[in-house]
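Remarks on the overall topology
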Amino acid sequence: MRFGFRETAFVMLLVGMLVAAYFFVFKPRNEQNAQALDEIRLKQEKLHQLESATRNINDLGKEIDHLAQVINVFEKKLPSQREVDVILKQVWQLATEHHLIPKSVRTDKAVPAAQYSELPIRMTITGDFDGFYSFLLDLEKLPRITRLPQMTLKRVELPSGGSTLEASMVLSVFFDSADHTGKGQS
């Protein structure tokens, strides 16, 4: 058998077809397969995440119910806007019960929020330390939501030779800013 130009061209043509088949058929198909496998892997991961999320769906419903009850408790602690005066009166009475002298009480502008408003009340009270401490303990026991974000204490010398405590503080009272009937009252 003689290996001539025709046979060499035929072998080159066969090799060229194999190379062309690799670049135009096999390589694109392998890339499509790899891409399909990646998509399958991502979808399986999402399916596993969904399965783990739905596994606890009953517990999630219980948790939502529990949080709704907690929100209702806090909403009951929010007085309506017209009850803020009652809270001021309670704070004033607490101060006088503990032998403190309220020098000044001034309300600032209410700060609105989503479902409530915050009313800062600037107070200056004088008296002895034990009475002031008891006042703060009783203030903490009030059934309404209040906070004391700022307080300054200073010792004041009396002309009679003794000393007293002067407290300047900001007492924030939270109230229901919406005009709902029955909401925010206990």
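Right above here is the structure, for reference.
Read on for an overview of the structure.

Each value, and the rule that gives it
Residues numbered from 1 in each chain as written. Predicted model: local features only at pLDDT ≥ 70, side-chain atom pairs only at ≥ 80, totals over all residues. Heavy atoms only, no water. Helix = DSSP H or I, 4+ residues; strand = E, 2+ residues; numbered from the N terminus. Buried < 20%, exposed > 50% of the residue type's maximum accessible area, 1.4 Å probe, protein only. Contact = heavy atoms within 4.5 Å. Areas by Shrake-Rupley, 256 points an atom, 1.4 Å probe, with all protein chains shown as cover. Pairing = 2+ DSSP bridges. 1 Å grid on protein atoms, 1.4 Å probe; cavity = no way out; pocket = protein on both sides within 12 Å on 5 of 7 lines; lining within 4 Å. Points joined across faces, edges and corners; volume = space filled by probe spheres on them. Nonpolar A, V, L, I, M, F, W, Y, C, P; charged D, E, K, R; others polar. Core = buried A, V, L, I, M, F, W, Y, C linked by side-chain atoms within 4.5 Å. Expected span 1.5 Å × (residues − 1). Bend = angle between axes of the 7 residues up to and from the residue. Salt bridge = Lys/Arg side-chain N within 4 Å of Asp/Glu carboxyl O. Polar contact = N/O pair within 3.5 Å; in protein donor to acceptor, adjacent residues only side chain to side chain.

This next bit is on the overall build of the chain. Broken down by element type, the chain carries four helices and five strands. Counting helices and strands in the order they occur from the N terminus, the chain gives α-α-α-β-β-β-α-β-β. When the 186 residues of the chain are sorted by exposure, 23% land in the buried category. A fraction of 64% describes how many contacts in the chain between residues 6 or more apart in sequence connect residues 24 or more apart. About 14100 Å² of surface is accessible on the chain, with carbon and sulfur atoms providing 59% of the total.

Summarising burial for strand β3 (residues 116-127): ten of the twelve residues are buried, a large majority. Here strand β1 (residues 101-107) runs beside β3; their pairing, made up of six bridges, is antiparallel. Bridge assignment links R106 to a residue of β3, and that residue is R122. Summarising the sheet, strand β2 (residues 111-112) and β3 pair through two bridges and their orientation is antiparallel. When the sheet's bridge partners are listed, P112 is paired in β3 with S117.

This part is about the layout of surface pockets. Estimates place the volume of the second largest pocket at around 150 Å³. Forming the walls of the second largest pocket are L136, L137, L139, E140, T146, R147, L148 and L171. Those elements that place two or more of their residues in the lining of the second largest pocket are α4 (129-140) and β4 (146-157). Here the lining of the second largest pocket takes four residues from α4, the largest share from any one element. Looking at the lining of the second largest pocket residue by residue, the classes come out as five nonpolar, one polar and two charged.

In terms of nonpolar packing, the biggest core is built from 19 residues, with V91, M123, I125, F132, F135, L139 and M169 touching the most fellow members. Secondary-structure elements contributing two or more residues to this core are α3 (84-97), β3, α4 and β5 (163-176).

To continue, consider helix α1 (residues 5-55). Taking 1.5 Å per residue as the helical rise, α1 with its 51 residues ought to reach 75 Å, and the 73 Å between its terminal C-alpha atoms agrees with that figure. The largest bend in α1 amounts to roughly 40° and is located at Y22.

Okay, the side chain of T124 next. Of note, T124 is situated in strand β3. Discounting residues that sit within four places of it in the chain, T124 has contacts with I101, P102, K103, S104, E166, A167 and S168.

Here we take up the pattern of salt bridges. Across all of its chains, the model carries five salt bridges by this definition. In this structure, E166 engages K154 in a salt bridge whose closest nitrogen and oxygen atoms are separated by 3.7 Å. Of the two residues, E166 is situated in strand β5 and K154 in strand β4; the sequence distance between them amounts to twelve residues. Given a relative accessible area of 13%, E166 falls into the buried group. Overlapping salt bridges bring together K103, K154 and E166 as one network.

What follows covers the side chain of E118. The residue E118 is located in strand β3 in this model. Side-chain polar atoms of E118 contact the side chain of R147, separated by 3.0 Å. Of note is the side chain of E118, whose polar atom sits 2.8 Å from the side chain of S172.

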